[in-house]
Amino acid sequence: MGWRTVYIASKSKLSYKSNHLLIQTNTDTKQMSLNQIDCVMIGTTQAVITGYLVAKLIEKDIKVVFCSENHNPIAELCGYNSNNNRNKYIDMQISWSLPAKEQLWMDIVSNKMRNQIDVLAQNKKQTDDLEEELNNVVENDQSNREAVIARKYFQRLFGEDYTRGSDNNITAMLNYGYTILLSTMNQEIVAQGYLTQLGIHHHSLLNDFNLSSDLMEPFRQFIDLKVLEKKDFEFNEYVKFELIDVLNKEIKYAGKTYHLRNAISKHVHDCLEVLNGERESIHSVVISNEV
């Protein structure tokens, strides 16, 4: 799998030629080896893509994400045959035990809350009460400390008047960045042979990506930090590219340095091994200014 995300922002035709993505615009033609590409983000409705290229991108397990008229992601392609052991893994997924799912969710949500506290601490925000909330988390977070911490977290990070339901640039940036993370999670889960629909905590019948929504939680704070950096900017193509580029940030995971997209792959693999009884715990995703 490649490492680059190709972002299509203007009117163009996308086609295939000799293992290359061909991008034709009114002014020039560019090409890029499919071996270098991890994701194609089609950020405009003015782009045309050939069926042959779609087939080749799926064959190479390259994620393709489509955006609406306002350039926000609305859909993605998931190939049917990206993993030869898919039926076996789906059968295992259906049989995951409730204790294993609850323990993994506890580890994930605790990791998320710890990262939120660390983000606030890095930005010199008060965290004592949030530390107390985290210390009071009970099994499977039955008291929903996650929601309590999240509400205080967003207000302290973006201002006392801010809520996740606010209709402003901050919310738009967060939603866009989280969608990029979700798409990357979807790609990894499908590539490893599992269904994104069957989650361990999220169970919405309206959500095709319940498992992805579960596993992505400790990574959201990398998007939060980028949005905090860009919160006074216009939400334009430049900012969208910056949010996509968060996937290339170097982070620490399991004592090693990875690009964030590769850490996501390791995290998904580790989570699935826990659910399958092949390991006891996952590594924490660490928010830090230092790598």
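Residues numbered from 1 in each chain as written. Predicted model: local features only at pLDDT ≥ 70, side-chain atom pairs only at ≥ 80, totals over all residues. Heavy atoms only, no water.

Our focus in this paragraph is the pairing of strand β3 (residues 20-24). Across five bridges, the pairing between strand β2 (residues 12-17) and β3 is antiparallel. Bridge pairing in β3 places Leu 14 opposite Ile 23. (Pairing = 2+ DSSP bridges. Helix = DSSP H or I, 4+ residues; strand = E, 2+ residues; numbered from the N terminus.)

Further remarks concern helix α9 (residues 237-244). Looking at α9, one finds that the buried residues are Val 239, Lys 240, Glu 242, Leu 243 and Ile 244. Where α9 is buried, its residues meet β1 (4-8), β5 (37-42), α6 (169-191) and α8 (220-230). Capping of α9 at its N-terminal end is provided by Asn 236; its side-chain oxygen lies 3.2 Å from the backbone amide nitrogen of Tyr 238. (Buried < 20%, exposed > 50% of the residue type's maximum accessible area, 1.4 Å probe, protein only. Contact = heavy atoms within 4.5 Å. Polar contact = N/O pair within 3.5 Å; in protein donor to acceptor, adjacent residues only side chain to side chain.)

Let's shift gears to the packing of helix α3 (residues 98-122) against helix α4 (residues 128-135). Between α3 and α4, the least distance of the axes is 10 Å, while the angle of their chain directions is 170°. The angle between α3 and α4 places the two elements in the roughly antiparallel class. Counting all contacts with α3, which are made through Ser 110, Met 113, Arg 114, Ile 117 and Leu 120, the residues of α4 involved are Leu 130, Glu 131 and Leu 134. Of the residues assigned to the contact of α3 with α4, the class counts are five nonpolar, one polar and two charged. (Axes fitted to C-alpha atoms, helices over the stretch in contact; angles between N-to-C directions. Parallel < 35°, antiparallel > 145°, perpendicular 65-115°, else oblique. Nonpolar A, V, L, I, M, F, W, Y, C, P; charged D, E, K, R; others polar.)

Moving on, we get to the side chain of Asn 186. With respect to the helices, strands and loops of the structure, Asn 186 is situated in helix α6. Looking at Asn 186, the relative accessible area reads 0%, which means it is buried. Those residues within four positions of Asn 186 in sequence are excluded, and the remaining contacts are Lys 63, Glu 76, Thr 196, Phe 209 and Ser 212.

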